[in-house]
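Structural overview for review
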Amino acid sequence: MNAFKKLIKITKGTLLFEEPMRKHTSYGIGGPAEVYIIPQDSDDLLRILNYAKEKLLSVHFIGSGSNLLVSDDGIRGLVISPKKSFKEIKFNNNLVFAESGVMLGSLVRKSTKRNLTGLETLIGVPGTIGGALVMNAGAFGSEISNYLTSVSIIRTDGRLIKRRANQIDFSYRNSTFEKDEFILSATFELSEASKDNINEKKEIASQGRKTSQPLKYRSAGSVFKNPNGNFAAGYLIEQVGLKGYKIGNAQISDHHANFFVNHGNARADDIMSLIKISKEKVFQKFNINLELEVKPLGFSEEE
Ligand SMILES: Cc1cc2nc3c(=O)[nH]c(=O)nc-3n(C[C@H](O)[C@H](O)[C@H](O)COP(=O)(O)OP(=O)(O)OC[C@H]3O[C@@H](n4cnc5c(N)ncnc54)[C@H](O)[C@@H]3O)c2cc1C
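Residues numbered from 1 in each chain as written. Predicted model: local features only at pLDDT ≥ 70, side-chain atom pairs only at ≥ 80, totals over all residues.

Glancing now at the environment of D180. Relative to the elements of secondary structure, D180 occurs in the loop between strand 14 (174-175) and strand 15 (181-189). With 14 C-beta atoms counted inside 10 Å, the residue D180 sits in the partly exposed group. Expressed as a C-alpha distance, the spacing of D180 and V108, which sit 72 residues apart in the sequence, is 28 Å. In this view, D180 contacts R155 and T156; residues no more than four positions away in its chain are not counted. (Helix = DSSP H or I, 4+ residues; strand = E, 2+ residues; numbered from the N terminus. Buried ≥ 20, exposed ≤ 12 C-beta atoms within 10 Å, placed from the backbone. Contact = placed C-beta atoms within 7 Å.)

Below is the structure:
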């Protein structure tokens, strides 16, 4: 706790001690973060990172927690999110600058209102711009990285870096940002299109999401990446008889088997058990190694 006394003094933003991570994840699951931090701005963040480096505190960056499985034991060290404070968004013709805490949905709505096309099929993907870039969020044929021009980053060693999009490798739900890099902001280049055309694509994406996903329950979206080849992860899980399978209050959705849902007070351990059994059974039957899309945080195996 002593290490945190000075942190309280130097931080202008909000510090929450032993903050339940279930309040900050779409699963509604997760034990306490030792310190959950909402930095006021990038200067504040820089001071916090310098202090963490001096005191050897571990630092974890998150967005809005819509792709995270946080352990029941929580997370030691600092958990830092831009979600409530890095909210600036600016348009200059077809270029958009957005800070990392802007919600993807807000970027989509504001862009499409200006008749700018590119991101409209991402309507309904929860999360922040920072999280969307790290995950290379995509839906209905479009990925956020397709429209990125540059990103500003601050590293845990305090260095500020600007990277052009072509200096980052993006692939399916993956990017080459490193764990010690915090995305501050990004610039996107969109193009003009007719309102009808944009609205049509947005509507198809929205309807597709509503019919294919179990949106009534808390989840983190797809648990596994779809493996290369012909089969979707959900199909494989269904084929091994696990669709609808339940452990405690966690269930492999009976609507979409690659969504695991929380029916109330499910534990991270329950979701983790569902992950393990799905991986095992799919490997036994198909010799396919399912790879996680969801990011586990605070589990010992992760280290
Ligand atoms: C109902 C539902 C539907 C979904 N549908 C889709 C879909 O169609 N397509 C899709 O791609 N995803 C989908 N997802 C998953 C999720 O919405 C995306 O992965 C989203 O981009 C995660 O954003 P986030 O801000 O919540 O990031 P988080 O979940 O908080 O973090 C994700 C990763 O990004 C890192 N990170 C976050 N912010 C920063 C930052 N500023 N700097 C550095 N690192 C950072 C974290 O360390 C973590 O590794 C869905 C999720 C749900 C719950």
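To continue, consider the packing of helix 1 (residues 2-10) against helix 2 (residues 42-55). Two elements in contact, helix 1 and helix 2, have axes separated by 10 Å at closest approach and are oriented at 165 degrees. With respect to helix 2, the element helix 1 is oriented roughly antiparallel. Once helix 1 is placed against helix 2, the crossing between them reads as right-handed. From helix 1, A3, K6, L7 and I10 reach across to helix 2, where they touch R47, Y51 and K55. Considering only residue class, the contact of helix 1 with helix 2 consists of four nonpolar, no polar and three charged. (Axes fitted to C-alpha atoms, helices over the stretch in contact; angles between N-to-C directions. Parallel < 35°, antiparallel > 145°, perpendicular 65-115°, else oblique. Left-handed = near helix turned anticlockwise from the far one by under 90°. Nonpolar A, V, L, I, M, F, W, Y, C, P; charged D, E, K, R; others polar.)

In the vicinity of the ligand lie 31 residues, with G63, G127, G130, G131 and G221 positioned nearest. Looking at the shell around the ligand, the elements that each hand over two or more residues are helix 4 (129-135), strand 9 (138-139) and strand 15. The element contributing the most residues to the shell around the ligand is helix 4, with five residues. By residue class, the composition of the shell around the ligand is 14 nonpolar, 15 polar and two charged. (Near = placed C-beta within 6 Å.)

What follows covers the sheet that holds strand 15. Across the sheet, which stays open at both edges, the five strands sit in the order 6-7-15-11-12 with antiparallel pairing between neighbours. Either end of the sheet is taken by a strand with one partner, and the two such strands are strand 6 (89-92) and strand 12 (160-164). The average angle at which neighbouring strand axes cross in this sheet is 15 degrees, direction not considered. One ladder, built from seven bridges, connects strand 11 (residues 148-155) with strand 15; its direction is antiparallel. Residue I153 lies in a different strand from strand 15, and its bridge partner there is I183. Helix 2 rests against strand 11 and strand 15 of the sheet, and its axis sits at about 45 degrees to strand 11. (Pairing = 2+ DSSP bridges.)

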